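The primary structure of each chain is shown beneath.
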Amino acid sequence: MLASRVSRRAVLAGTAAAAALTAVPGVAAKAHAAETPSYRWRNAVIGGTGFVTGVLFHPSVRGLAYARTDIGGAYRWDDRTARWTPLTDQLGWDDWNLLGVEALAVDPAHRDRLYLAVGTYAQSWAGNGAVLRSEDRGATWTRTDLAVKLGGNEDGRGAGERLLVDPRDSDTLWLGTRHDGLLKSTDRGATWAAVSGFPATASQSGQGVTFLVAVGRAVYAGWGDGDGSAAAVNLYRTTDGTTWTAVPAQPAGTSAKVPIRAAYDVRARELYVTYADAPGPNGQSTGSVHKLAVASGTWREVTPVKPGGTTSDGSADTFGYGGVAVDARRAGTVVVSTNNRWAAVDTLYRTTDGGRTWTSLKDAAVFDVSETPFLKWGADQPKFGWWIQAVAVDPYDSKHVVYGTGATLYGTRDLTHWAPRIRGLEETSVRQLISPPVGEAHLISASGDIGVMYHERLTASPSRGMATNPVFGSATGLAQAAGRPSYVVRTGFGDSGNGAYSRDGGRSWAPFAAQPDIAGDPPGPIATSADGGTLLWSFVHWDGTKYATHRSADNGATWSEVSSFPKGATPVADPADPALFYAYDTDTGTLYASTDSGLSFTARASGLPAGDSQFQLVAAPGRSGDLWLSVKWNGLYRSVDGGVSFSKVASCWASYTLGFGRAAAGADYPAIYQVGSTETITAVYRSDDEAKTWVRINDDQHQWGWTGQAITGDPRVHGRVYLATNGRGIQYGERI
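Now for a description of the structure that goes with this document. Note that the structure is predicted; figures quoted are calculated from it, not measured. (Residues numbered from 1 in each chain as written. Predicted model: local features only at pLDDT ≥ 70, side-chain atom pairs only at ≥ 80, totals over all residues. Heavy atoms only, no water.)

## Overview of the overall build of the chain
Part 1 of the argument: In terms of regular secondary structure, the chain is built from 1 helix and 58 strands.
Part 2 of the argument: Expressed as a percentage of its 736 residues, the buried residues of the chain come to 62%.
Part 3 of the argument: Sequence separation of at least 24 residues holds for 53% of the intrachain contacts in the chain that already meet a minimum separation of 6.
Part 4 of the argument: On the chain, roughly 25,300 Å² of surface is accessible, and the fraction owed to carbon and sulfur atoms is 49%.
Part 5 of the argument: Of note, the chain has its 67 positive side-chain charges centred 5 Å away from the centre of its 70 negative side-chain charges. (Helix = DSSP H or I, 4+ residues; strand = E, 2+ residues; numbered from the N terminus. Buried < 20%, exposed > 50% of the residue type's maximum accessible area, 1.4 Å probe, protein only. Contact = heavy atoms within 4.5 Å. Areas by Shrake-Rupley, 256 points an atom, 1.4 Å probe, with all protein chains shown as cover. Lys, Arg positive; Asp, Glu negative; His and termini not counted. Charge placed at Lys NZ, Arg CZ, Asp CG, Glu CD.)

Put into structure tokens, the structure is as follows:
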């Protein structure tokens, strides 16, 4: 699961940089295409599934909290409904890079103000970041584009918060960046300028400012680019908003190299800082916790347990420290988290005496994950968590503690009983979707990090959790035999094999008896013939290296290489003829077909768009040789002769992903759904007349960034569509 994180957040090749748009409520660009307001959009419930990088209780409003994620936007918590509300779904296709939230801030003096620093990647190919400002708790937004990049999904994303309202002036905001130093705004985030007097020197490869925290009327800034030496400086402060100086006598050494988070105990007038030797969430092997008595300037180490011991099985107990939160009601009561502690498993430590003694909350923890069973990851019990860098204590309830992990947000009201506090927060990066024509479930999904799931209900997390035997981290393939829907196959990064089959429609699974030698490294997509008698398994390494596709005619007991299949292509089965398979070679723009159950492939149509591995070929259900080819801004093509020839569809100028669902009443062709463009905006569309015309079925408030991975209609319910997002889970729309 940890290793699959990179693939989950893969670069979205071919997407546009974030577009500039200022002072527009809701942030979204107004569509010019036809809209259908009679659609209701909701998440197919899984519950969390992604890295919650920050959580913040409002210091002045009981029951109000905010959370940020690395690729899935920001959320607002309503204690009355015990539910999170997504706040950034209006960010559209061109703004996909803004769904990673680098930091958030509230104004204690103005309870409805909320600020987000957004930008997923700080790499050269990504667009610049932005600051979103709201006067109504995130219901509407005004946007300021920045001249710098932010990294909400880069190393160090669990540090923070990097955004702060100045404790002396609500009009002044501070923003710490990774590569461009410290920024300041004096007009509530409308404009920003670099702080010339900030002493630290930024680099294009460092962490920069890791956090900003108010300490009385002063502001402290963590600096993540020190070298860990005795002379290194990683903590600065200003008492007048102009002059910044190094904090005297600050901790040094490898265990205090990178300051991760800080929290100020106003009652005790003590600042707590967590440290590690790397920014995290991975790569940390040591760390520490220190506190500063602000009045005297005296530092004291209060590390609960020093990393570097040995566990009972002889493993090295290496880890750093991550989250820290103080109890606003009780002086000296603090909670900190370990991070990257894989041998002994991460925990929260709590002190009630200012760090003299600590208690591990993991030791007495009782978990109830019945609402999100996947959190057991195929085991009998869930782990306490990993990637714990977000911790918060409710300022109105000392025993209400929450912490984020790489998969969920846990909470307790008594420091013993824990359960996910995740309703409404869905962060899955979805890879493939199937809507079976029969059976209990209307949906089977394949995703990054959480494998394959069988959705008996769309409004509750799948009761079976993740598909097991084997358990996958990230899934790479999912296919159902069109003429035998009880037969389903899946591929991915597994704990005991990389491929599996089901004979009961996806309820239970068994691993393939054998697999190609290459399958353990790049377990790519898979296809099954219409009768389930033939499997084709393709392999592409994460770095783009393509390998030969393999074929099995005995349910995965034996495999043989298909040399004539274009390497790296995605196999597509004909839904009506078990002997027919197709493959689109995106390198050459050539359609290949097999008429002998995948034993050999020959070229058919050529000269089609090439050069992008994300081009997609799909076959219309119930028909032989009816193929649709989505080639992004090159448009949409169709073949009705099995790929011998293709014609361009004139009704849209861009198509990214396409699928089919139940036909409209009186229609003799399935409804077609696509993410594409018919005019000026990339959106979700439906056609009930064989792609002659399209109607937009999402709206400006439901866009979810990049949505070009997968889409499918429901073969049993006309108008229902399932959409894969990269960080906002599975969205499904229904006519109302």
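From this point, the narrative continues.
## A short note on the sheet that holds strand β18 (residues 258-265)
Part 1 of the argument: Here we have 4 strands laid out as an open sheet, ordered β18-β19-β20-β21, and antiparallel in their pairing. The outermost strands of the open sheet, each flanked by one partner alone, are β18 and β21 (298-301). Put simply, the sheet's adjacent strands are angled 25° from each other on average, direction ignored.
Part 2 of the argument: Bridge count for β18 against strand β19 (residues 270-276) is 7 bridges, and the pairing is antiparallel. Bridging across to β19, Y264 finds its partner in L271. (Pairing = 2+ DSSP bridges. Axes fitted to C-alpha atoms, helices over the stretch in contact; angles between N-to-C directions.)

## With respect to the sheet that holds strand β35 (residues 451-455)
Part 1 of the argument: Strand order across the open sheet formed by 3 strands is β33-β34-β35, with antiparallel pairing between neighbours. Each of the sheet's edge strands pairs with one partner strand only, and the pair in question is β33 (430-434) and β35. Each strand axis lies, on average, 20° off the axis of its neighbour in the sheet, ignoring direction.
Part 2 of the argument: Judged from the 4 bridges that link them, β33 and strand β34 (residues 443-447) form a sheet pairing that is antiparallel. Among the inter-strand pairings, Q432 is bridged to a residue of β34, identified as A446.

## A short note on the packing of aromatic side chains
Part 1 of the argument: Across all of its chains, the model carries 30 aromatic pairs by this definition.
Part 2 of the argument: Ring centres of W93 and Y656 lie 4.3 Å apart, and the angle between their planes is 45°; this geometry places the pair in the tilted category. Residue W93 is found in the loop between β5 (83-86) and β6 (101-107), and its partner Y656 is found in strand β52 (residues 654-661); the two are separated by 563 residues along the sequence.
Part 3 of the argument: We classify Y656 as buried; its relative accessible area is 8%.
Part 4 of the argument: The interplanar angle of 80° and the centroid separation of 5.4 Å between the aromatic rings of W174 and W244 together place this pair among those described as edge-to-face. Of the two residues, W174 sits in strand β11 (residues 173-176) while W244 sits in strand β17 (residues 244-246), which places them 70 residues apart along the sequence. A single burial state applies to W174 and to W244, both of which are buried. (Phe/Tyr/Trp six-rings, centres within 6.5 Å; stacked < 30°, edge-to-face > 60°.)

## A look at the nonpolar core
Part 1 of the argument: Ranked by size, the top nonpolar core spans 37 residues in total, and within it L348, F374, W377, Y403 and W418 carry the most contacts.
Part 2 of the argument: If you look at the next biggest cluster of nonpolar residues, it comprises 18 residues, including W41, Y121, I697 and L723. (Core = buried A, V, L, I, M, F, W, Y, C linked by side-chain atoms within 4.5 Å.)

## Here we look at the environment of Q731
Part 1 of the argument: Residue placement: Q731 occurs in strand β58 (residues 730-735).
Part 2 of the argument: Accessibility expressed as a relative area gives 2% for Q731, which makes it buried.
Part 3 of the argument: Separated by 29 residues in sequence, Q731 and H702 place their C-alpha atoms 9.4 Å apart.
Part 4 of the argument: Once residues lying within four places of it in the same chain are set aside, the contact partners of Q731 are W41, R42, N43, W704, V721, Y722, L723 and T725.

Honestly, it's all geometry; don't read function into it.
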